Amino acid sequence: MSATALIDYGAGNLRSVHNALVAAGADDVAVTADPDVVGQADRIVLPGVGAFAACMNGLAAIPGLIEAMEQRVRGEGAPFLGICVGMQLLADAGEEHGRHEGLGWIGGTVRAFTPAPGLRIPHMGWNDVVPSFAHPVLAAGEAYYLHGYHFADAAHVAATSSHGDPFTAAVAKDNIVGVQFHPEKSQAYGLATLERFLAWRP
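S.K.: Could you clarify how one ought to interpret the overall build of the protein chain in this entry?
M.R.: Helix and strand counts for the protein chain come out as 6 helices and 13 strands. Here the C-alpha radius of gyration of the protein chain, 15 Å, is about what a compact globule of 202 residues would show, namely 17 Å. Dimensions of the protein chain along its principal axes, counting C-alpha atoms only, are 50 × 35 × 30 Å. Sorting the 202 residues of the protein chain into buried and exposed places 52% on the buried side. Partitioning the intrachain contacts of the protein chain with sequence separation of at least 6 by distance along the chain shows that 70% fall at a separation of at least 24. Of the accessible surface of the protein chain, which amounts to about 8400 Å², a share of 50% is contributed by carbon and sulfur atoms. For the protein chain, the centre of its 11 positive side-chain charges and the centre of its 20 negative side-chain charges are spaced 3 Å apart.

Dropping the structure here:
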């Protein structure tokens, strides 16, 4: 299996994601913030927990990291997986605690769920994943979520779930895929998702 770079920028559930990747069959996972390692990785995973701005600032604070990701993923086509806030960072901007620029790899804005009677926020627990089209990494099933913000008006919705109204469960464009749910907490469904990502040759 090819080398996988798991980005360490101070804002991810690294141990759980690392263990899940290994359980899914990855035999060479580098937990790293080194742009040189990222620039040579065969595939890249960007986890994320917490606030959008804090995560984006954490990425930007590491010299050369975003540039290495841009080159390896968008320039050279390495398979990329964003998880939870790691997916949200693909957006043009996030609106948590003010408006903050994202990576801008996939059009859209990360916005808070709209409060409604009987609707618990954050959205937490198991929910259906409904693919919007056939994709090598994504499948129908049930996954575990924990988030108060969602990827609104996404340009490349690959799967949806529902919390009051439908929301983006996954995005996909070329060699880039992002999931709002946590594969590392989604038991058999999550491991199968990671297995498909590790086998993906976009």
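S.K.: Hey, could you run me through the packing of helix α1 (residues 14–23) against helix α6 (residues 187–199) in this one?
M.R.: Axis separation between α1 and α6 bottoms out at 9 Å; the angle between their running directions is 70 degrees. In terms of their interaxial angle, α1 and α6 are classed as roughly perpendicular. α1 and α6 meet at a crossing whose hand is right-handed. Judged by residue contacts, A20, L21 and A23 of α1 engage L191, L194 and L198 from α6. Residues that form the contact of α1 with α6 fall into these classes: 6 nonpolar, no polar and no charged.

S.K.: Got a minute to help me understand the pairing of strand β12 (residues 165–173) in this structure?
M.R.: For a regular strand, side-chain orientation follows a simple rule: the groups alternate between the two sheet faces. Judged from the 6 bridges that link them, strand β11 (residues 157–163) and β12 form a sheet pairing that is antiparallel. Across the sheet, residue A159 finds its bridge partner in β12, namely A170. Taking the residues between adjacent antiparallel strands as the criterion, β11 and β12 are bridged by 1 residue, where G164 takes a positive phi near 80 degrees. Pairing of β12 with strand β13 (residues 176–179), which is carried by 4 bridges, proceeds in the antiparallel orientation. Its bridge partner lying in β13, A170 is registered against V179. If you look at the hairpin formed by β12 and β13, you'll find 2 residues sitting between the two strands, and D174 has a positive phi there, around 55 degrees.

S.K.: Just to check I follow, could you spell out the pairing of strand β3 (residues 43–46) for this structure?
M.R.: Every second residue of β3 is oriented toward a common face, with R43 and V45 on one face and I44 and L46 on the other, all of them buried. The pairing of strand β1 (residues 4–7) with β3 spans 3 bridges and is parallel. Note on β3: the bridge partner recorded for L6 is V45. Pairing analysis gives 3 bridges linking β3 to strand β4 (residues 80–83), with the strands arranged parallel. Residue pairing in the sheet places L46 in a bridge with G82 of β4.

S.K.: In this structure, what is going on with the packing of aromatic side chains? I would like to understand it.
M.R.: Aromatic ring pairs are defined here through the distance separating the ring centres and the angle between the ring planes. Considering all chains together, one arrives at 7 aromatic pairs under this definition. Taking the centre distance of 6.0 Å and the plane angle of 75 degrees together, the rings of W126 and Y144 count as edge-to-face. Pair noted here: W126 is in strand β8 (residues 123–131) and Y144 is in strand β9 (residues 141–147), with a separation of 18 residues, a long-range link. Where F197 meets W200, the ring centres are 6.3 Å apart and the plane angle is 50 degrees; that geometry is what we call tilted. The buried category is assigned to F197, whose relative accessible area is 0%. Stacked on the ring of F197, the Lys or Arg R43 has its end atom at 5.4 Å from the ring centre.

S.K.: Help me understand the side chain of H123 in this model?
M.R.: Its location among the elements puts H123 in strand β8. For H123, a relative accessible area of 4% gives the class buried. A polar atom in the side chain of H123 sits 3.1 Å from the side chain of N127. Those residues in contact with H123 that sit more than four places away from it in its chain are F113, Y145, L146, H147, H163 and F167.

What counts and how
- Residues numbered from 1 in each chain as written.
- Predicted model: local features only at pLDDT ≥ 70, side-chain atom pairs only at ≥ 80, totals over all residues.
- Heavy atoms only, no water.
- Helix = DSSP H or I, 4+ residues; strand = E, 2+ residues; numbered from the N terminus.
- Rg over C-alpha atoms; globule rule 2.2 N^0.38 Å.
- Buried < 20%, exposed > 50% of the residue type's maximum accessible area, 1.4 Å probe, protein only.
- Contact = heavy atoms within 4.5 Å.
- Areas by Shrake-Rupley, 256 points an atom, 1.4 Å probe, with all protein chains shown as cover.
- Lys, Arg positive; Asp, Glu negative; His and termini not counted.
- Charge placed at Lys NZ, Arg CZ, Asp CG, Glu CD.
- Axes fitted to C-alpha atoms, helices over the stretch in contact; angles between N-to-C directions.
- Parallel < 35°, antiparallel > 145°, perpendicular 65-115°, else oblique.
- Left-handed = near helix turned anticlockwise from the far one by under 90°.
- Nonpolar A, V, L, I, M, F, W, Y, C, P; charged D, E, K, R; others polar.
- Pairing = 2+ DSSP bridges.
- Phe/Tyr/Trp six-rings, centres within 6.5 Å; stacked < 30°, edge-to-face > 60°.
- Lys NZ or Arg CZ within 6 Å of the ring centre and 35° of its normal.
- Polar contact = N/O pair within 3.5 Å; in protein donor to acceptor, adjacent residues only side chain to side chain.

Honestly, that's just the spatial picture; any functional story needs more than this.
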